[in-house]
There are 2 protein chains.
Amino acid sequence: MKIAVDAMGGDYAPKVVVDGAIQAKKAYGVDIILVGQKDAIERELVRYKKDSSGIEILDALEVIKMNESAATSVRKKRHSSIVLGIDLLKQKKADGFISAGNTGAVVCAATLSLGLLPGIERPGISILVPTLQGVGFIIDVGANIDAKPIHLLQYAIMADSYLRNILNIDNPRIGLLNIGEEESKGTDFLKQTYQLLENADFNFIGNAEAKDMFSGKCDAVVCDGFVGNISLKVMESAIEVIIGFLRREFKRSFLAKLGLLFIRPSLMRFKKSLDYSEYGGAPLLGIDGVVIIGHGRSDAKAIKNAIRVAKQEVELKVNEKIVDRVRQLKTKYEENK
Amino acid sequence: MKIAVDAMGGDYAPKVVVDGAIQAKKAYGVDIILVGQKDAIERELVRYKKDSSGIEILDALEVIKMNESAATSVRKKRHSSIVLGIDLLKQKKADGFISAGNTGAVVCAATLSLGLLPGIERPGISILVPTLQGVGFIIDVGANIDAKPIHLLQYAIMADSYLRNILNIDNPRIGLLNIGEEESKGTDFLKQTYQLLENADFNFIGNAEAKDMFSGKCDAVVCDGFVGNISLKVMESAIEVIIGFLRREFKRSFLAKLGLLFIRPSLMRFKKSLDYSEYGGAPLLGIDGVVIIGHGRSDAKAIKNAIRVAKQEVELKVNEKIVDRVRQLKTKYEENK
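Residues numbered from 1 in each chain as written. Chains lettered and ligands numbered in written order. Predicted model: local features only at pLDDT ≥ 70, side-chain atom pairs only at ≥ 80, totals over all residues. Heavy atoms only, no water.

## Section: the environment of histidine 151 of chain A
Residues and elements named next belong to chain A.
Next up, step 1: Mapped onto the fold, histidine 151 is located in helix H6 (residues 149–165).
Next up, step 2: Looking at histidine 151, the relative accessible area reads 2%, which means it is buried.
Next up, step 3: The spatial distance from the C-alpha of histidine 151 to the C-alpha of proline 123 is 8.6 Å, given a sequence separation of 28 residues.
Next up, step 4: Filtering out sequence-adjacent residues up to four positions away, histidine 151 remains in contact with Glu121, Arg122 and Asn144. (Helix = DSSP H or I, 4+ residues; strand = E, 2+ residues; numbered from the N terminus. Buried < 20%, exposed > 50% of the residue type's maximum accessible area, 1.4 Å probe, protein only. Contact = heavy atoms within 4.5 Å.)

Here you go:
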């Protein structure tokens, strides 16, 4: 198996990407193609003289920066690590692609070049988050910020398939993110989505509130990419706000000061567990190919984990299973009509 | 001055509402009209025999429950405490109205009965939240879940006026909640809103990210009511998620266990400071009248604080100042055309 990795993606590239790739190669026995500026990659690889067998380099002259417009950069920078990395999938020269670079550009390049799975109209970024019961699955956290109800139905189907096949959850409970539990709540968009989900043949448990993204009440929460992205970022910033607030509280109490000292490592671990890189990146589901998005702040471990998840997705044939499930539900739906 | 209070609103009504009203009457010298089921109110008032001068009761036979549909309940329950309380404002028998009851019903009754300020097309619920620098202002957190760009412009104008006149902030910095800082980010709705805010004559500092709701980078963040509501609820639930996560961490570390014990009171204080009742409820801005929304979990102190804020809004003529500011900006806008 060969996994292509965007060596230029993320805040600490190419160093941590090279480190993570070497670690993954050893741990999981996969071959790696590092896509990026050859000189820069080679300078990092020098540190691993003996270990760099099974690591190829594909020279990419251009780099798409974090704040560049997705569509424009993908169109103009044909020799960027993101565009060339996705091309490797298209040409069947790699089985999966990982990038911690510009998320919009990865989504755009993957959609344009690889296309979507049959029955899926928009890709969705899915993440695993810690909940009070274990882990929860959220889709979409930022691929599709102008979603239609049918896209959320497709996200739900992909969530259902992913949870059954990868996380081995029987009959996963799927909720729709809304501002209240009652069916009548929310925008027209959400009311229409509710109807679609209710009539579909999976375990839809109704509206989920913001707290249910982390409560464990559902196994998966579906939402449009804008709200999903904002929610995730509010949760991420909560830790900093709370630590900042606790610092001000110190004037009141020495015990509180001591307390923060003791729990700070745990708080940081929680924050890290929100960082989807910890779970090995965020699968971009719906694409006809295995594409994993890493967080911009990915470290070597995050890159290594993302490679593990890509390998798993290939081995467990996630995409085939999504397509099967879409077909199965479609047949049932047509029989019922 | 006379403030009408929905005695039936909130999880602990009418007890805590009566307690809060009595406390506010003493502390701020305002007269109170308790609107609600007379028998139930009198049972609570008995405890304050000597203190209940200056407290009137307006008997309301019906109660709108928390989960009832806003529009339907306001139309059908003409004798509910919310509808009758708003009527007191309309008839100029009270100067302000406070309810910790069904938020949707309060927004609906106030809009229909009192109408909107000139130049304002939708009301917005505004809250103060703790930030790393002090306090921040967010509008809208749930009145208007199908907002148009022009509504967000009007929210920004109301925020600007409120921050100048009530919080004495010079030239308040106003940000637009979005998924990235660049002007090109977000939905078409947000791009249009950005244009409107950029061309208006207040201190618009561009897009704000989720973390900036709490970072102190802006004095006010404007957003549509759906996203604002979800963000607030994610932040509220963060505390519980974090405490839950820390509990699991205890197995790793005795110090962490001890640490949580020490900081738990501080965490709870932080959680309370998010509860907008702490700041005296959430002003429903844009309505031609002073209406304050309390949190469903309001205690007596929250009710008392809400009465203080209502008194302040009346005294400082918040609505007149909003109208002045709208007129001023409109004149400038037309001069520039």
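## Here we look at the interface of chain B and chain A
Next up, step 1: Listed by partner, the interface residues are 51 residues for chain B and 51 residues for chain A.
Next up, step 2: Both faces considered, chain B and chain A share a buried interface measuring about 4600 Å² in area, 77% of it formed by carbon and sulfur atoms.
Next up, step 3: Considering only the surface of chain B that becomes buried against chain A, Ile179, Phe226 and Phe262 of chain B emerge as the three largest contributors, covering 13% of it.
Next up, step 4: On inspection of chain B and its partner chain A, the count reaches two residue pairs in polar contact (both at pLDDT 80 or more).
Next up, step 5: For the side of chain B that touches chain A, the secondary-structure elements that each account for two or more residues are helix H7 (188–198), helix H8 (212–215), helix H9 (225–249) and helix H10 (254–274) of chain B. (Buried area = accessible area lost by both parts, 1.4 Å probe. Polar contact = N/O pair within 3.5 Å; in protein donor to acceptor, adjacent residues only side chain to side chain.)

## Looking at the relation of the copies chain B and chain A
Next up, step 1: In the superposition of chain B on chain A (RMSD 0.0 Å, axial shift 0.0 Å), the rotation amounts to 180 degrees. Read as a symmetry element, the transformation amounts to a two-fold axis. Judged by C-alpha distance, glycine 259 of chain B is the residue of chain B that lies nearest the rotation axis, at 1.8 Å.
Next up, step 2: Interface residue correspondence from chain B to chain A reaches 100%, placing this contact among same-surface, isologous pairings. (Least-squares fit on C-alpha atoms with pLDDT ≥ 70 in both.)

## So, empty space enclosed by the protein
Residue and element names in this part refer to chain A.
Next up, step 1: Enumeration according to the criterion identifies two cavities of 30 Å³ or more in this entry.
Next up, step 2: Elements represented by at least two residues in the lining of the second largest cavity include exactly strand E6 (135–139), helix H8 (212–215) and strand E9 (220–222).
Next up, step 3: Grouping the constituent residues of the lining of the second largest cavity by class yields six nonpolar, two polar and two charged. (1 Å grid on protein atoms, 1.4 Å probe; cavity = no way out; pocket = protein on both sides within 12 Å on 5 of 7 lines; lining within 4 Å. Points joined across faces, edges and corners; volume = space filled by probe spheres on them. Nonpolar A, V, L, I, M, F, W, Y, C, P; charged D, E, K, R; others polar.)

## Considerations on the sheet that holds strand E4 (residues 96–99) of chain B
All names here are of chain B.
Next up, step 1: If you walk across this open sheet you meet the eleven strands as E3-E2-E1-E4-E11-E10-E5-E6-E9-E7-E8, and the pairing is mixed. Edge positions in the open sheet fall to strand E3 (55–59) and strand E8 (204–208), since each of these has one partner strand only. Each adjacent strand pair in this sheet contributes to an overall mean axis angle of 25 degrees, direction not counted.
Next up, step 2: Bridge analysis of strand E10 (residues 282–285) against strand E11 (residues 291–293) gives two bridges, and the strand direction is antiparallel. Each residue of the ladder has a partner; that of proline 283, found in E11, is isoleucine 292.
Next up, step 3: Together, strand E1 (2–6), strand E2 (31–36) and E3 form the strand contacts of helix H1 (residues 15–28), whose direction differs from that of E2 by roughly 170 degrees. (Pairing = 2+ DSSP bridges. Axes fitted to C-alpha atoms, helices over the stretch in contact; angles between N-to-C directions.)

## Regarding unusual backbone geometry
Next up, step 1: A cis amide bond links alanine 13 of chain A with the next residue in sequence, proline 14 of chain A, at an omega value of 0 degrees.
Next up, step 2: Here proline 14 of chain A lies in the loop between strand E1 (2–6) and helix H1 (15–28).
Next up, step 3: Aspartate 140 of chain B follows isoleucine 139 of chain B through a cis peptide bond whose omega is 15 degrees.
Next up, step 4: Residue placement: aspartate 140 of chain B occurs in the loop between strand E6 (135–139) and helix H6 (149–165).

## Here's the deal with the domain arrangement of chain A
Residues and elements named next belong to chain A.
Next up, step 1: Its domain assignment divides chain A into domain 1 (2–116 + 286–314) and domain 2 (124–274).
Next up, step 2: Counting residues at the interface gives nine residues for domain 1 and six residues for domain 2.
Next up, step 3: Carbon and sulfur atoms supply 59% of the area buried between domain 1 and domain 2, which totals about 580 Å² over both sides.
Next up, step 4: Among the residues domain 1 hides against domain 2, the three largest losses belong to Val107, Gly286 and Glu313. Together they make up 42% of the total.
Next up, step 5: Inspection of the domain 1/domain 2 interface yields one salt bridge.
Next up, step 6: For the salt bridge of arginine 297 with glutamate 236, the shortest nitrogen-to-oxygen distance reads 3.8 Å. (Domains from an automatic or database assignment. Salt bridge = Lys/Arg side-chain N within 4 Å of Asp/Glu carboxyl O.)

## Remarks on the sheet that holds strand E5 (residues 124–130) of chain A
Through backbone hydrogen bonds, the strands of a sheet pair up, either in parallel or in antiparallel fashion.
All names here are of chain A.
Next up, step 1: Spatially, E3-E2-E1-E4-E11-E10-E5-E6-E9-E7-E8 is the arrangement adopted by the eleven strands of the open sheet, whose pairing is mixed. What marks the edges here is a single partner per strand, and that holds for strand E3 (55–59) and strand E8 (204–208). Between one strand axis and the next, the sheet turns through 25 degrees on average, direction left out of account.
Next up, step 2: Looking at chain direction, strand E7 (residues 174–177) and E8 are connected through four bridges and run parallel. Across the sheet, leucine 176 pairs through a bridge with asparagine 207, a residue of E8.
Next up, step 3: Where helix H5 (residues 103–114) meets the sheet, it contacts strand E4 (96–99), E5, strand E10 (282–285) and strand E11 (290–293), and its direction lies at approximately 170 degrees from that of E11.

## Topic: the nonpolar core
Generally speaking, soluble globular proteins have nonpolar side chains that are buried together.
Next up, step 1: With 239 residues, the main nonpolar core has Leu34, Phe202 and Ile307 of chain A together with Leu34 and Ile307 of chain B as its most contacted residues.
Next up, step 2: Excluding residues within four positions of it along the chain, leucine 34 of chain A makes contact with Val5, Ala7, Val17, Val18, Ala21, Ile41, Leu45, Ile55, Glu56, Ile57 and Leu58 of chain A. (Core = buried A, V, L, I, M, F, W, Y, C linked by side-chain atoms within 4.5 Å.)

## Some words on the pairing of E11 of chain A
Residue and element names in this part refer to chain A.
Next up, step 1: Taking every second residue as pointing to the same face, both faces of E11 are buried, with Val290 and Ile292 on one and Val291 and Ile293 on the other.
Next up, step 2: Of the strand pairs in this sheet, E4 and E11 are connected by four bridges, and their pairing is parallel. Bridge pairing links isoleucine 98 to isoleucine 292 in E11.
Next up, step 3: Of the strand pairs in this sheet, E10 and E11 are connected by two bridges, and their pairing is antiparallel. Each residue of the ladder has a partner; that of proline 283, found in E11, is isoleucine 292.
Next up, step 4: Two successive antiparallel strands, E10 and E11, enclose a turn made up of four residues, where glycine 286 displays a positive phi of approximately 105 degrees.

## Points about the packing of aromatic side chains
All names here are of chain A.
Next up, step 1: The final tally for this structure, using the stated rule, is four aromatic pairs over all chains.
Next up, step 2: Residues phenylalanine 137 and tyrosine 162 carry aromatic rings whose centres are separated by 5.3 Å and whose planes lie at 35 degrees to one another, so their mutual orientation is tilted. Of this pair, phenylalanine 137 sits in strand E6 while tyrosine 162 sits in helix H6, and the two are 25 residues apart along the sequence. Comparing phenylalanine 137 with tyrosine 162, the two get one shared label, buried. (Phe/Tyr/Trp six-rings, centres within 6.5 Å; stacked < 30°, edge-to-face > 60°.)

## With respect to the environment of lysine 191 of chain B
Residue and element names in this part refer to chain B.
Next up, step 1: Here lysine 191 lies in helix H7.
Next up, step 2: Distance in space between the C-alpha atoms of lysine 191 and proline 149 is 8.9 Å, their sequence separation being 42 residues.
Next up, step 3: Not counting residues within four places of it along the chain, the set of residues in contact with lysine 191 comprises Glu183, Ser184, Lys185 and Gly186.

## A short note on the packing of H1 of chain B against helix H2 (residues 38–45) of chain B
Residue and element names in this part refer to chain B.
Next up, step 1: Running from amino to carboxyl end, H1 crosses H2 at an angle of 55 degrees, the nearest separation of the two axes being 9 Å. With respect to their mutual orientation, H1 and H2 come out oblique. Between H1 and H2 lies a crossing whose hand is right-handed. Counted together, Lys15, Val18 and Ile22 of H1 and Ile41, Glu44 and Leu45 of H2 form the full contact between these two elements. (Parallel < 35°, antiparallel > 145°, perpendicular 65-115°, else oblique. Left-handed = near helix turned anticlockwise from the far one by under 90°.)

## What about the side chain of glutamine 154 of chain B?
Residue and element names in this part refer to chain B.
Next up, step 1: Relative to the helices and strands, glutamine 154 resides in helix H6.
Next up, step 2: In this structure the side chain of glutamine 154 is engaged in a polar contact, spanning 2.8 Å, whose partner is the backbone nitrogen of glutamate 121.
Next up, step 3: When sequence neighbours within four positions are dropped, the list of residues in contact with glutamine 154 reads Gly119, Ile120, Glu121 and Arg122.

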